[in-house]
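Read off the chains here:
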Amino acid sequence: MTLSRRARLALRLVMWLGLAVIYVPLLVVLINSFNSSRTFGWPPQGFTWRWWQATANNDGVRRALVTSVIVGLAATGIALLLGTMLAFAVARYRFFGRDVVSFLVILPIALPGIVTGIALNAAFTAGGFPFGYLTVVVGHATFCIVVVYNNVLARLRRTGTSLEEASMDLGANTFRTFALVTFPQLRSALLAGALLAFALSFDEIVVTTFTTSPGLQTLPIWIFGNLFRPNQAPVVNVVAAALIVASIIPIWAAQRLSSESSGGRL
Amino acid sequence: MLWLVVAYLGSLVVMFTAAFWRVDSFTGALIRVPTDDNFRALVEQSVYRRVALRSLGVAAVVTVVDALLALPMAVYMAKVASPRLRNLLVAAVLTPLWASYLVKGYAWRTMLSGDGVLNWALEPLGLKGPGFGLPATTLTLAYLWLPFMVLPIYAGLDRIPDSLLEAAGDLGATAGRTFRTVVLPLVFPALVAGSIFTFSLSLGDYIMVKIVGGRSQLFANIIYDNIGVANNLPFAAAAAFFPVVVIVLYLTLVRRTGALDNL
Amino acid sequence: MLRRRTMGRRGALGVAVFAAVTLVLAGCGGSDSGGDGGNGSSALPSPPKMELPQTLGSPEGELNIIAWAGYAENGSNDKSVDWVTPFTESTGCKVNVKIGNTSDEMVTLMKTGQYDGVSASGDASLRLIYGGTVAPVNTDLVPNYASVAEFLKKRPWNSVNGQMYGIPHGWGANVLMTRTDVVKPAPDSWGAVFDANSPYKGKVTAYDSPIYIADAALYLKATKPDLNITNPYELDDKQFTASVDLLKQQRSLIGEYWSDYTKEVQAFESGDSVIGTGWQVNANLINGGTKAKVSAIVPKEGSTGWSDTWMIAANAKHPVCMYKWMDWIISPTTNAQVAEWFGEAPAQTQACDQTSDKAFCDTYHALDADYAGKISYWTTPTTSCGDDRGNVCKDYAAWTQAWTEIKG
């Protein structure tokens, strides 16, 4: 698009302004993790490493972190499997209710988390299922599947079936074709989907609140319980700051990988 | 696969059936006699209508604000920035998704507080920040969902081949005209796709308003207060009909625009 | 890959079948069978019959409890404030504590069946008893119960027909908290939070629960005697409407409604709230920090308050640990620690010798039955007015709905 210099300048300005808006609160969090005041008055009065040390020693945080990672990996795993299968079904086959399915699949992510949470809670209670890892993972899987499904579906639609058909014509059976032809094409879409699914699961609080058991805390649940506590709030800040910093790596990796397919996609 | 899909739908069905029951007000036991008491209460009492409209309003404003901010950002990212910068920018927009939703809300709470950053920055100008309340909630929600709006629009713009835009230019259209007549119609489904997220996420949110909302309440709070606190599942389920119906309606309307392919 | 073709057709059928099955399950399972669906008639049905345990076995190794903030401290708030770890060391029961912010929350959480016990206030205890959620307690199995203050035993909120349903924990009043540096002169009346022309508009706070309506009623009891309010929990239509109207008017003064105690602490420390109803433990936390100073008083109109009881779940998974916890929490040393940390009167009479502040029990009138009788303890409103008005009072469902309206 041939844009005038003024237009380019204006756009660049908005871009950086937008980024500033996005990152200022995160910077506040980062700075506050070093703030010597316990209650984050602004501007910060002093600088200290105390909170980072306290977090490293905090048992509750460690356990919550581990729980979140386990749940995230499990939910993402299920999502990869089921989401891909569903995407294949929708993209490659015609079946009764196909449109309905593609509509229904969106629901877990489109409907408010609280609705999903209450529904699952009521169902689990009625069915007598014990609350625990399984129920939490199931809750997360419902929306993780959507994310993977979308990515894979978009990729399948773009790549078409010609390569697969060619491979089958050349004598490869279904599994060989999948492993050697289809999968490599899907890889980056799967990775992007997996990363986003993991991120969503890692950060999920609402559905988790309704599907967890008393002793099981994911990181967001732990954060929610400690958010306002005078002595714990700095630890929460540190956790957040650490997450922000640590997340740059997977995001960067995801970006490099999906850049072959013209940009990130939800 | 089947059991998961069915479990999800089944649980929704269970919940919505409960909407037709009621609880004994003293013991909290479920009385499984069908009645439309809950729905009648929701419709007749003005407070629910007011809160519902308020929530719709907040969700709409959040969507509009995000769209207005996201569009120029996405245009810059997709069409103006160099390829290397582009990757960086997408990563930059995505990274905040990993910072905990709660912490971002909390950051806004400290920023909006009486002695927080916002007041500190506005003081020399003689202004005051909005403090806690509905504007603060809208602001925070718009902040939280911005990446969800930027990315689909970016993806949509990315799909528009540059050749198309150059052709428009060759045919004599100014940048503005090209944008209005060529880009916007093509990116519209992506815009709508982004709006699905911002709208439904805002409509269903009950946590942010507890953190920065001061004394206000949104519709999702009514659902939460009735299920999480008052143990009145039937009423909560009945109330839950509202956002679900709105969103399903939105999705059906939106299907035609092809937005669902753009998610 | 070819399998998927048939999945779709069977899929729709499967959905229908599963949904039907789930519905049936939901219809059969789920809620308690006890407690018929009365809507709060004056003659309450009897609570479901449950067996009293006669002996305690060995502790199960774990315990899940719901507690008010400050009742089960494990050192995470303040390293020196910890009576949970010694309990775990002595009994081997690992304790998972869930903080309940309001009585409503606690009732809901108890009903999930995932917890072994709860520290219930009077506005939750009866609901739990009659709903069959909690079991009667064999007080012979709780040695420290013997020396609990007599005026807390066999009261209407913790017993039915002489059978105790829990172990008294402590009691206290909801206080009026004010920032001493902002609110001058220091108020002595609840009128300060209801005053339409308050100079602190936008910085007033109130407790986010329908039970707060009783606070308005209590204020009206003193200021509008022609309403004839005797018990702030037994309000007929006229009294109820007056209270609700007062709260609707108060809303314009409110900055934030609080239920999470730490949120109130933070709001007072940052100056977003400067006056409002609070708990002594909140005031203690604020005054223990360096950011702000608050005063906490019981105004001249009196206060609502709570008298809390530890109750054991009906089908508790760890009943022995729960009994051990109940005995532990009212042991003299521990009860003294809790009472001092939270700022309430201990139920255990022997705790008064164990408090670090020797005048503690006097300050909190711990052994004063008369004083204790003057607080309007949280209790579940029912339609029964308890006097010659009959059954025309507002029940808790009406209070809950009104609360949603008040918040607007």
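For every chain, the first residue of the written sequence is number 1, and numbering continues from 1 along that sequence. For this description, chains carry letters from A and ligands carry numbers from 1, given in the order in which they are written. Per-residue local features of the predicted model are confined to residues with pLDDT of at least 70, and side-chain atom pairs are confined, for both listing and counting, to 80 or more; whole-chain, interface and lining totals are unaffected and use all residues.

## Some words on the overall build of chain B
- Helix and strand counts for chain B stand at 12 helices and two strands.
- Overall, chain B shows an N-to-C arrangement of helices and strands of α-β-β-α-α-α-α-α-α-α-α-α-α-α.
- Per-residue burial over chain B gives 62% buried out of 263 residues.
- Here contacts are defined at the residue level, using C-beta atoms placed from the backbone and a cut-off of 7 Å between them. Intrachain contacts of chain B at a sequence separation of at least 6 include 72% that bridge at least 24 residues. Note on conventions: DSSP H or I runs of at least 4 residues are helices, E runs of at least 2 residues are strands, and numbering of each starts at the N terminus. Counting other C-beta atoms within 10 Å of its own, a residue is labelled buried from 20 upward, exposed at 12 or fewer, and partly exposed in the gap between, with every C-beta atom placed from the backbone.

## Structural notes on the overall build of chain A
- Helix and strand content of chain A: 11 helices and zero strands.
- Counting helices and strands in the order they occur from the N terminus, chain A gives α-α-α-α-α-α-α-α-α-α-α.
- Of the contacts made within chain A by residues no fewer than 6 positions apart, 76% connect residues no fewer than 24 positions apart.

## A word on the sheet that holds strand β10 (residues 254–258) of chain C
Residue and element names in this part refer to chain C.
- Strands sit in the order β10-β9-β11-β8-β12 across an open sheet of five strands; the sheet is mixed. One side of each edge strand has no neighbouring strand; the edge strands of this open sheet are β10 and β12 (294–297). Mean inter-strand twist for the sheet, computed between neighbouring axes without regard to direction, equals 25 degrees. The rule for pairing is simple: two strands pair if DSSP sees at least two bridges between them. Only C-alpha atoms enter the line fits that serve as axes; for helices the fit covers just the stretch in contact. Angles between N-to-C directions range over 0 to 180 degrees.

## Description of the nonpolar core
- Of all hydrophobic cores here, the largest spans 169 residues; its most connected members are C144 and A197 of chain A together with A74, W145, V150, I153 and Y154 of chain B.
- The element contributing the most residues to this core is helix α7 (residues 134–159) of chain B, with 17 residues.
- Counting 124 residues, the second largest nonpolar core, distinct from the first, contains W68, A120, V193 and A372 of chain C. Nonpolar cores are built from buried Ala, Val, Leu, Ile, Met, Phe, Trp, Tyr and Cys residues. These are joined into a set through C-beta atoms within 7 Å.

## So, the interface of chain B and chain A
- On the side of chain A, 66 residues touch chain B, which itself brings 70 residues to the contact.
- Counting residues per element, the side of chain B that touches chain A draws most heavily on helix α5 (residues 101–112) of chain B, at nine residues.
- In the scheme used here, Gly and all other residues not listed as nonpolar or charged are polar, with Ala, Val, Leu, Ile, Met, Phe, Trp, Tyr, Cys and Pro taken as nonpolar and Asp, Glu, Lys and Arg as charged. Considering only residue class, the side of chain B that touches chain A consists of 55 nonpolar, 11 polar and four charged.

## A few points about the packing of helix α6 (residues 133–159) of chain A against helix α8 (residues 174–203) of chain A
Residue and element names in this part refer to chain A.
- At a minimum axis distance of 9 Å, the contact between α6 and α8 shows a crossing angle of 160 degrees. Put simply, α6 runs roughly antiparallel to α8. Pair α6 / α8 crosses with right-handed handedness. Judged by residue contacts, H140, F143, C144, V147, V148, N151, V152, R155 and T159 of α6 engage Q185, L186, A189, L190, A192, G193, A194, L196, A197, L200 and S201 from α8.
- Of the residues contributing to the contact of α6 with α8, the split by class is 13 nonpolar, six polar and one charged. Roughly parallel here means an angle under 35 degrees, roughly antiparallel means over 145, roughly perpendicular means 65 to 115, and every remaining angle is called oblique. Take the far helix as your reference; a near helix turned counterclockwise from it by less than a right angle gives a left-handed crossing, and one turned clockwise gives a right-handed crossing.

## Quick word on the pairing of strand β7 (residues 167–173) of chain C
Residue and element names in this part refer to chain C.
- With seven of seven residues buried, β7 lies mostly within the body of the structure.
- As paired elements, β7 and strand β13 (residues 304–313) share six bridges and run antiparallel to each other. Note on β13: the bridge partner recorded for G170 is D308.
- Here β7 runs beside strand β14 (residues 345–346); their pairing, made up of two bridges, is antiparallel. Across the sheet, G170 pairs through a bridge with P346, a residue of β14.

## What to know about the confidence of the model for chain A
All names here are of chain A.
- The pLDDT averaged across chain A works out to 79; a share of 88% of its residues lies at or above 70.
- For chain A, helix α11 (residues 233–258) is the element with the lowest average pLDDT, namely 75, and helix α3 (residues 59–92) is the one with the highest, namely 88.
- Within the model, pLDDT remains below 50 along residues 261–266, and this stretch shows 24 contacts once partners closer than five positions in the same chain are excluded. Scored from 0 to 100, pLDDT records how confident the predictor is in each individual residue.

## What to know about the environment of S68 of chain A
All names here are of chain A.
- Looking at the secondary structure, you find S68 in helix α3.
- It is 9.7 Å that separates the C-alpha atoms of S68 and F198, two residues lying 130 residues apart in sequence.
- Setting aside residues no more than four positions away along its own chain, S68 makes contact with F202, T218 and L219.

## Considering the confidence of the model for chain B
Residue and element names in this part refer to chain B.
- On average, chain B scores 81 in pLDDT, and the residues at 70 or more come to 89%.
- The secondary structure element of chain B with the lowest average pLDDT is strand β1 (residues 22–23), at 66, and the one with the highest is helix α3 (residues 46–80), at 90.
- Interface confidence for the predicted complex, expressed as ipTM, amounts to 0.78; the pTM equals 0.79.

## As for the pairing of strand β2 (residues 94–99) of chain C
- When strand β1 (residues 62–67) of chain C meets β2 of chain C, the two strands line up parallel, connected through six bridges. Across the sheet, I66 of chain C pairs through a bridge with K98 of chain C, a residue of β2 of chain C.

## Considerations on the environment of V236 of chain A
- By the secondary structure assignment, V236 of chain A is in helix α11.
- Separated by 13 residues in the primary sequence, V236 of chain A and I223 of chain A place their C-alpha atoms 6.1 Å from one another.
- Once you skip the residues sitting within four places of it in the chain, V236 of chain A turns out to touch I223, N226 and L227 of chain A together with V103 of chain B.

## Concerning α3 of chain B
- In a regular helix each residue adds 1.5 Å, so 35 residues correspond to 51 Å; α3 of chain B covers 50 Å between its end C-alpha atoms and thus fits that length.
- At any given residue, the bend is defined as the angle formed between two axes, one fitted to the seven residues that end at that position and one fitted to the seven that begin there. At A70 of chain B, α3 of chain B is deflected by roughly 25 degrees, the largest bend along its length, and proline P72 of chain B occurs up to four residues later in sequence. Helix span, expected: 1.5 Å multiplied by one less than the number of residues in the helix.

## Examining unusual backbone geometry
Residues and elements named next belong to chain C.
- Here the residue pair K184 and P185 is connected by a cis peptide bond, since its omega of -5 degrees sits within 30 degrees of zero.
- Looking at the element boundaries, P185 is found in the loop between β8 (175–179) and α5 (191–194).
- Although it is not a glycine, N228 adopts a positive phi angle of roughly 60 degrees.
- Summarising the element assignment, N228 is placed in the loop between α6 (213–223) and α7 (237–250).
- Accessibility expressed as a C-beta count within 10 Å gives 11 for N228, which makes it exposed.
- With a phi close to 55 degrees, H365 is a non-glycine residue in the positive phi region.
- When you line up the elements, H365 lands in the loop between α12 (360–363) and α13 (369–374).
- Owing to 17 C-beta atoms within 10 Å, H365 belongs among the partly exposed residues under this scheme.

## What about the packing of helix α9 (residues 175–203) of chain B against helix α12 (residues 233–255) of chain B?
All names here are of chain B.
- Direction vectors running N to C along α9 and α12 enclose 175 degrees, while the axes themselves pass 11 Å from each other. By the criterion of interaxial angle, the relationship of α9 to α12 is roughly antiparallel. Contacts from V192, I196, F199, S200 and L203 in α9 reach P243, V246, I247, Y250, L251 and V254 in α12.
- Residues of the contact of α9 with α12, tallied by class, amount to 10 nonpolar, one polar and no charged.

## So, the environment of F175 of chain A
Residues and elements named next belong to chain A.
- Tracing the chain through its elements places F175 in helix α8.
- F175 gets classed as exposed once you count the C-beta atoms within 10 Å, which come to 9.
- Note: C-alpha distance between F175 and A126 (49 residues apart in sequence) is 41 Å.

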